[in-house]
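Remarks on the overall topology
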Amino acid sequence: MQRIAFLRSVDIRRADPHLHGIAPALAALGAEARLFHTHGDAGPDLFPGTSEKLHPGATPDEFVDRVRAWGADAAVAISLPDENALRDAVVKTKLEALGIRTVMTPLAATRVLCDKWETKRVLESYGIPTPPAVLLDSDLLNDRTLPVPAYPDAVRLAARDLGYPLLAKPLWDSTSMGIAYLPDPAALDRHLAARPQAHAVLEKCLSGRLCSVDIVGADGHYTVMPLIWTGTAGGPPAFTFEDLRHADPTRDDDFAPTARRLVELCAGLGVEGSVNVDMIHADGVYHVLEINPRIGGATTLSIAAGGPNTFVALLDILTGAWPTRAPAVARAERFAIECLTANPTPALLAELRARIDLVTCHDLVIDGHDHGGILTFTVDPGDERRTMKELTALNGFVPAPMLDKIRRLLLPTAR
Ligand SMILES: Nc1ncnc2c1ncn2[C@@H]1O[C@H](COP(=O)(O)OP(=O)(O)O)[C@@H](O)[C@H]1O
Ligand SMILES: [Mg+2]
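These lines cover the structure that appears in this document, whether it is placed above or below.

Reading the values: rules and limits
- Counting starts from 1 at the beginning of each chain's written sequence and moves along it residue by residue.
- Starting at A for chains and at 1 for ligands, labels are handed out in the order in which the entities are written.
- Under the rules for a predicted model, residues below a pLDDT of 70 receive no local features and side-chain atom pairs below 80 are neither given nor counted, while totals for whole chains, interfaces and linings still include all residues.
- Every helix listed is a DSSP run of H or I at least four residues long, and every strand listed is a run of E at least two residues long, numbered separately from the N terminus.
- Our radius of gyration looks at C-alpha atoms and nothing else; its globule reference is 2.2 Å times the residue count to the power 0.38.
- With C-beta atoms placed from the backbone, a residue is buried if 20 or more other C-beta atoms are within 10 Å of its own, exposed if 12 or fewer are, and partly exposed between those counts.
- Contact between residues is assigned whenever the C-beta positions, reconstructed from backbone atoms, fall within 7 Å.
- Only when DSSP finds a minimum of two bridges between them are two strands counted as paired.
- Fitted lines through C-alpha atoms give the axes, limited to the stretch in contact for helices. The angle between two N-to-C directions lies from 0 to 180 degrees.
- Angle categories are assigned with fixed cut-offs, so that under 35 degrees is roughly parallel, over 145 is roughly antiparallel, 65 to 115 is roughly perpendicular, and the rest are oblique.
- A clockwise turn of the near helix away from the far one marks a right-handed crossing, whereas an anticlockwise turn of less than a right angle marks a left-handed crossing.
- Gly is put with the polar residues, along with every residue not named as nonpolar or charged; the nonpolar set is Ala, Val, Leu, Ile, Met, Phe, Trp, Tyr, Cys and Pro, and the charged set is Asp, Glu, Lys and Arg.
- A residue counts as near a molecule or strand when its C-beta atom, positioned from the backbone, falls within 6 Å of it.
- In this document the domain limits rely on a domain assignment from an automatic tool or a database.

**Here's the deal with the overall build of the protein chain**
The helix and strand tally for the protein chain stands at 14 helices and 18 strands. The C-alpha radius of gyration computed for the protein chain amounts to 22 Å, which stays within 12% of the reference 22 Å derived for 415 residues, consistent with globular compactness. When its C-alpha atoms are laid out on the principal axes, the protein chain stretches across 65 × 60 × 40 Å. Evaluated residue by residue, the protein chain yields a buried proportion of 44% over its 415 residues. Taking the contacts inside the protein chain whose residues are at least 6 apart along the sequence as the reference set, 69% of them involve residues at least 24 apart.

**A few points about the sheet that holds strand β9 (residues 200-204)**
Within the open sheet, the 4 strands sit side by side as β6-β9-β7-β8. Their pairing is antiparallel. Edge positions in the sheet fall to β6 (133-136) and β8 (180-182), since each has one partner strand and no second. Neighbour-to-neighbour, the strand axes of this sheet turn through a mean angle of 25°, independent of strand direction. Pairing of strand β7 (residues 166-170) with β8, which is carried by 3 bridges, proceeds in the antiparallel orientation. Each residue of the ladder has a partner; that of Leu167, found in β8, is Tyr181.

**Examining the packing of helix α7 (residues 151-162) against helix α8 (residues 185-193)**
Between α7 and α8, the shortest axis-to-axis distance is 11 Å and the interhelical angle comes to 150°. Our classification of the angle between α7 and α8 gives roughly antiparallel. Our pair here, α7 against α8, has a crossing hand that is right-handed. Mapping the contact onto sequence places Pro152, Val155, Arg156 and Ala159 in α7 and Pro185, Leu188 and Leu192 in α8. In the contact of α7 with α8, the residues fall into 6 nonpolar, no polar and 1 charged.

**So, the packing of helix α3 (residues 82-97) against helix α4 (residues 107-114)**
Packing of α3 against α4 leaves a shortest axis separation of 9 Å and a crossing angle of 170°. In terms of orientation, α3 and α4 fall into the roughly antiparallel class. On the side of α3, the interface is formed by Asp82, Ala85, Leu86, Ala89, Val90 and Thr93, while α4 contributes Leu107, Thr110, Arg111 and Cys114. Residues that form the contact of α3 with α4 fall into these classes: 6 nonpolar, 2 polar and 2 charged.

**Some details on the sheet that holds strand β2 (residues 32-37)**
Across the sheet, 5 strands lie side by side as β3-β2-β1-β4-β5; this open sheet has parallel pairing. On the outer flanks of this sheet lie β3 (50-53) and β5 (101-103), each paired with one strand and no other. Strand-to-strand twist of the sheet, defined as the mean angle between neighbouring strand axes without regard to direction, takes the value 20°. As paired elements, strand β1 (residues 3-8) and β2 share 6 bridges and run parallel to each other. Pairing of Arg3 across the sheet is with Glu32, part of β2.

**Side note on the pairing of strand β17 (residues 357-366)**
Of the pairings in the sheet, the one linking β17 to strand β18 (residues 369-379) comprises 8 bridges and is antiparallel in character. The partner of Cys361 across the bridge, within β18, is Leu375. Joining the antiparallel neighbours β17 and β18 is a turn of 2 residues, in which Asp367 adopts a positive phi near 50°.

**Considerations on the site of ligand 1**
Pro131, Ala233, Pro237, Asp278 and Leu289 are the nearest of the 19 residues found near ligand 1. The set of elements that each furnish at least two residues to the shell around ligand 1 consists of β7, β9, β14 (273-282) and β15 (285-292). Viewed by domain, the shell around ligand 1 spans two of them, domain 2 (132-204) and domain 3 (208-414), each represented by three or more residues.

**Observations concerning the environment of Asp45**
Of note, Asp45 is situated in the loop between β2 and β3. For Asp45 and Lys94, which are 49 residues apart along the polypeptide, the C-alpha to C-alpha distance reads 31 Å.

**Considerations on the pairing of β9**
Within β9, 4 of the 5 residues are buried, which leaves it mostly tucked inside the rest of the structure. Pairing of β6 with β9, which is carried by 4 bridges, proceeds in the antiparallel orientation. Paired with Leu135 across the strands is Val201, a residue of β9. Pairing analysis gives 5 bridges linking β7 to β9, with the strands arranged antiparallel. Bridge assignment links Leu167 to a residue of β9, and that residue is Glu203.

Encoded structure:
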């Protein structure tokens, strides 16, 4: 293997610093990497290889042409969110027809996992709890096809059976975009009257703790990465990165049985690479909200907490070194913590590096919108007090409510 193409959509900065872990693996293979990406910059500080930029709307065929023109003999997909994962799955199908092996979940499974309703069907068939829901067909609501005057009433009655509050979640989309909170029948009436444009799942809104887990692997051999706690659920959804996000090495929370079933599902679907599973933990049960067929917002944290490096794992899958290097379960060995901050300056970055175990801190830009800085750091067991002091000394860089949450996590006896 000489030339390995990496397929990417959003800014590669979010893969920092763990993406650099592939450099030694590439050197050992005597291979070079090139990033084929649609957004952001990709200098050598961000990607250990060369890069080629495609326009944001690049089609699968345009990707295939560019990858072939470079002379790649293999490819690895690391795009997000779902619409770009689907593109990568199409590119995989086309590249593999040309003899270019591509690490990515096959198209049929990717299609299922991009769609929240289809995903629910699969979860149910594996006996994995998922909030009860009905499909909200926007074609029928908008009279786009056959007129079905009884359809809105059919939805209302189904909603009554599910029980309020409910959420209407578009089948596609990510980071809580487009989700409507419907506390009562009147809210559903307003939602239906507004003629939603996209199909959605109308789903029971559960109260509990939000969490997320990555599962990485191929061919029936999977690693369950450390569980990441991402906030609380129960009302209108907050922006994905709004709350403190963390891995906690001191808690187990009896995740193993759910993890085993999720691995069975991955094996059954033929997942190749990474999936990212969003869940709500309520009354001792993990309810799965969705499975994203790709790396996700929790990938950096789960690697930092002690999981294997996902990007190296993808190369291992490519070369066949997987599964010998795949632990079945990777537990958190340290705290890994992430929160939104002020936008970092070079001086602040230097200070962060000196004071805490910094993983990364950069501007969080999604769809052109700057959400401020996002800070990711780890805390080894025993280092909680010192880290807390250092963070406090950073004087307002970490917003006070976040600092409070970090304190309660790291120093629970100080509550
Ligand atoms: N059934 C539910 N009960 C309570 N909150 C939910 C439920 N489904 C989704 N949410 C909220 O909406 C957010 C996004 O939902 P999710 O299904 O992960 O869709 P996506 O991430 O694709 O927007 C969750 O993080 C959570 O805050
Ligand atoms: Mg999600």
